[in-house]
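Okay, here's what each chain looks like letter by letter:
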Amino acid sequence: MSDGAVLHVKGRVLAGPEDVRDELWVVGGRVSYDRPAGARDVRTVEGWALPGLVDAHCHVGLGAEGPVDAATAEKQALTDREAGTLLIRDAGSPSDTRWVDDREDLPKIIRAGRHIARTRRYIRNFAWEIEPDHLVAYVAREARRGDGWVKLVGDWIDRDLGDLAPCWPREAVEAAIAEAHRLGARVTAHCFAESSLRDLVEAGIDCIEHATGLTEDLIPLFAERGVAIVPTLVNIATFPQLAAGGESRYPQWSAHMRRLHERRYDTVRGAYDAGIPVYVGTDAGGSLAHGLVAAEVTELVTAGIPAVDAVSATSWGARAWLGRPGLEEGAPADLVVYEGDPRADVRVLAAPRRVVLNGIVVE
């Protein structure tokens, strides 16, 4: 499209779960619901339009061995874009991806800085590995470097115990979360197991990643505090394989991982039923492929979340949670057009008809 071109999206525009409009216009890269006077060079796209999808747990710039080069990071971002993901919360990366902000053709990224982990208690080359006395300082550092989020590793295997265990004492996370909040950042944490959750939530954390250890006694606490979860079910699907690989050396850990996997759908449905905010995240990067956002939405539906709420968890609701606009008047025109209504069948999310980013049809 040329600089003076106008895009006309017609059919069904899902500005909200029940806010369905017949058309929108894209003028100067922004959404308008008023037909522009004297519009010329108009391109029309038809179908069911949603705000650009959100992957709220994704790692652009991260590979299985740690940071990747810019060319690989670009491929990751393009793969997400092709899947309709136009907004990413990068939940921890050792790579500097600020250059992406200068690219109009790549998804927008909200960064959480680099993971902060306990020494030798996380995947090598991924995180800052520190001891509790340094947690506040590193949280402050990442709060200043990120885009309003900080990512902790809340639990990991303790090789002496042979099982998952919390990484931080309660007083350390209380001080660290308070410092992040003072600096205007929210805090999230990787947590597989049950044992770290109460301390983190009572310390004021804003979100828990994976949350496979969420139990019936903890659900009311999460709901009362409004702590969100990003279940990453497409990643949790790998637990049996991980358990098999570690069974000979860490049988207790392997059995624990299998239990967490077996109850994963009940965990997510229990959280949803209690009113805990649930958002879509794939955990792409590291060892998991990019472009799996539609598969994660399908997993939420399999867990028992109604389709319209599963769609919201990657569109209207997720954008509001992250403080980014959807298809409001004057918002950047980031949207995806589908053949059918994703509220009726979320499987249509796997096949975008058109992807529009900053008002330009890119796919």
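Scroll up to find the structure this text is about.
Residues numbered from 1 in each chain as written. Predicted model: local features only at pLDDT ≥ 70, side-chain atom pairs only at ≥ 80, totals over all residues. Heavy atoms only, no water.

A. Quick look at the state of the cysteines. Tallied over the full model, the rule gives zero disulfides. No disulfide involves Cys58; its sulfur sits 15 Å from that of Cys207, the nearest cysteine. For Cys58, a relative accessible area of 0% corresponds to the buried category. Not part of a disulfide, Cys167 finds its nearest cysteine sulfur in Cys191, a span of 8.4 Å. (Disulfide = S-S within 2.5 Å. Buried < 20%, exposed > 50% of the residue type's maximum accessible area, 1.4 Å probe, protein only.)

B. Just helix H2 (residues 135-145), in detail. Among the residues of H2, those classed as buried are Leu135, Val139, Ala140, Glu142 and Ala143. Residues of H2 that are buried sit in contact with strand E9 (116-118), strand E10 (128-130), strand E11 (149-153) and helix H3 (170-182). (Helix = DSSP H or I, 4+ residues; strand = E, 2+ residues; numbered from the N terminus. Contact = heavy atoms within 4.5 Å.)

C. Quick look at the packing of helix H7 (residues 239-246) against helix H8 (residues 251-262). Direction vectors running N to C along H7 and H8 enclose 170°, while the axes themselves pass 8 Å from each other. Classified by the angle their axes make, H7 and H8 are roughly antiparallel. Facing H7, whose interface residues are Phe239, Pro240, Leu242, Ala243, Ala244 and Gly246, H8 presents Pro251, Trp253, Ser254, Met257, Arg258, Leu260 and His261. Among the residues making up the contact of H7 with H8, the classes are represented as nine nonpolar, three polar and one charged. (Axes fitted to C-alpha atoms, helices over the stretch in contact; angles between N-to-C directions. Parallel < 35°, antiparallel > 145°, perpendicular 65-115°, else oblique. Nonpolar A, V, L, I, M, F, W, Y, C, P; charged D, E, K, R; others polar.)

D. Focus on the side chain of Arg89. Examined against the element boundaries, Arg89 turns out to sit in strand E7 (residues 85-90). A polar side-chain atom of Arg89 sits 2.6 Å from a polar atom in the side chain of Glu209. Aside from chain neighbours lying at most four places away, what touches Arg89 is Asp55, Ala56, His57, Cys58, Ile110, Trp149, Thr188, Cys207, Glu209, Val230, Trp321 and Leu322. (Polar contact = N/O pair within 3.5 Å; in protein donor to acceptor, adjacent residues only side chain to side chain.)

E. Quick peek at the packing of aromatic side chains. This model, assessed by the stated rule, comprises seven aromatic pairs. Consider the rings of Tyr279 and Trp321, whose centres lie 4.2 Å apart with planes at 10°: the pair is stacked. Placement of the pair is Tyr279 in the loop between helix H9 (264-273) and strand E17 (284-286) and Trp321 in helix H12 (residues 316-321), with a sequence separation of 42 residues. The same class applies to Tyr279 and to Trp321, which are both buried. Here a set of aromatic residues connected by ring pairs shows up, and it is made of Tyr122, Phe126, Trp156, Phe192 and Phe239. One Lys or Arg, Arg21, reaches over the ring of Tyr33 and ends 4.1 Å from the middle of that ring. Between Arg264 and the ring centre of Tyr265, over which it is positioned, the NZ or CZ distance is 4.2 Å. (Phe/Tyr/Trp six-rings, centres within 6.5 Å; stacked < 30°, edge-to-face > 60°. Lys NZ or Arg CZ within 6 Å of the ring centre and 35° of its normal.)

F. Representation of the environment of Leu214 within the structure. Among the structural elements, Leu214 can be located in the loop between strand E15 (207-210) and helix H5 (219-225). Note on Leu214: relative accessible area 3%, which makes it buried. C-alpha of Leu214 to C-alpha of Ala193: the two residues are 21 residues apart in sequence and 7.8 Å apart in space. The residues touching Leu214, leaving out its near neighbours within four places in the chain, are Leu197, Ile219, Phe222, Arg263, Thr267, Ala271 and Ile276.

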